[in-house]
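Spelled out, the chains give:
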Amino acid sequence: MANTQAICTSFKVELLKGIHALGTTVVRAGTTKDTVKAALYLASATVNASTTAYSSTGEVTGTNYTAGGVTVTNATEPTNTAAIAHWTPSASIQYTTVTLSTSFDCVLIFNNTQGNKAIAVYTFGGQTITAGTFTLTMPTNDGTTGLLRLN
């Protein structure tokens, strides 16, 4: 088993169906933006482009970590630069005062409002943490480094 970084295939199709509302402006029939969450997964899990929704299978467990992860600050409007559409959370993703003693190496970003539908998987080197804050620093929101880029 291995985690693989990718934009989830189901998310690409759901974008064309108008299911997700990231950012501050909602165009579809809903009146509020969607709640986006971020869950951490064990290095032994299998989370990848085929992942269609959040699942607790393979998710980390530990002190002060809540199943389903944390809410992502979703205050950045999706936009485009040089024909590349992009969106990045408006703040770093933080898990505070957690103890996660089993190696984890990826985060699943998912749409909690829309039935926990998967958006993307991001991998990093294996980590453990003891009574500390684990922070995923967000990149610049542009067409080159934005967290979610579609071209």
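Summary of the structure given here. (Residues numbered from 1 in each chain as written. Predicted model: local features only at pLDDT ≥ 70, side-chain atom pairs only at ≥ 80, totals over all residues. Heavy atoms only, no water.)

1. So, the overall build of the chain
The condition is simple: Under the scheme used here, helices are H or I runs from DSSP no shorter than 4 residues and strands are E runs no shorter than 2 residues, and both carry numbers assigned from the N terminus. Only the C-alpha atoms count toward the radius of gyration. The rule for a globule is 2.2 Å times the residue count to the power 0.38. Here's how the labels work: a residue is buried when its accessible area is under 20% of the maximum for its type, exposed when over 50%, partly exposed in between, all with a 1.4 Å probe on protein chains only.
The number of helices and strands found in the chain is 1 helix and 8 strands. Counting from the amino terminus, helix and strand elements in the chain follow one another as β-α-β-β-β-β-β-β-β. Relative to the compact-globule value of 15 Å for 151 residues, the chain shows a C-alpha radius of gyration of 15 Å, a close match. For the chain, the spread of C-alpha atoms along the principal axes amounts to about 40 × 30 × 25 Å. Sorting the 151 residues of the chain into buried and exposed places 43% on the buried side.

2. Some words on the sheet that holds strand β2 (residues 36-42)
As a general point, the strands of a sheet are linked pairwise by backbone hydrogen bonds and lie either parallel or antiparallel. Where we set the bar: Criterion used throughout: strands pair if DSSP finds at least two bridges between them.
Taken together, 5 strands build an open sheet; the order of strands is β1-β7-β6-β2-β3 and the sheet is antiparallel. Bordering the open sheet on either side are β1 (6-7) and β3 (70-71), each of which pairs with just one other strand. In this sheet, strand β7 (residues 117-136) lies alongside strand β6 (residues 93-111) in antiparallel orientation, the contact comprising 12 bridges. Looking at the pairing, Gln94 lines up with Thr135 of β7.

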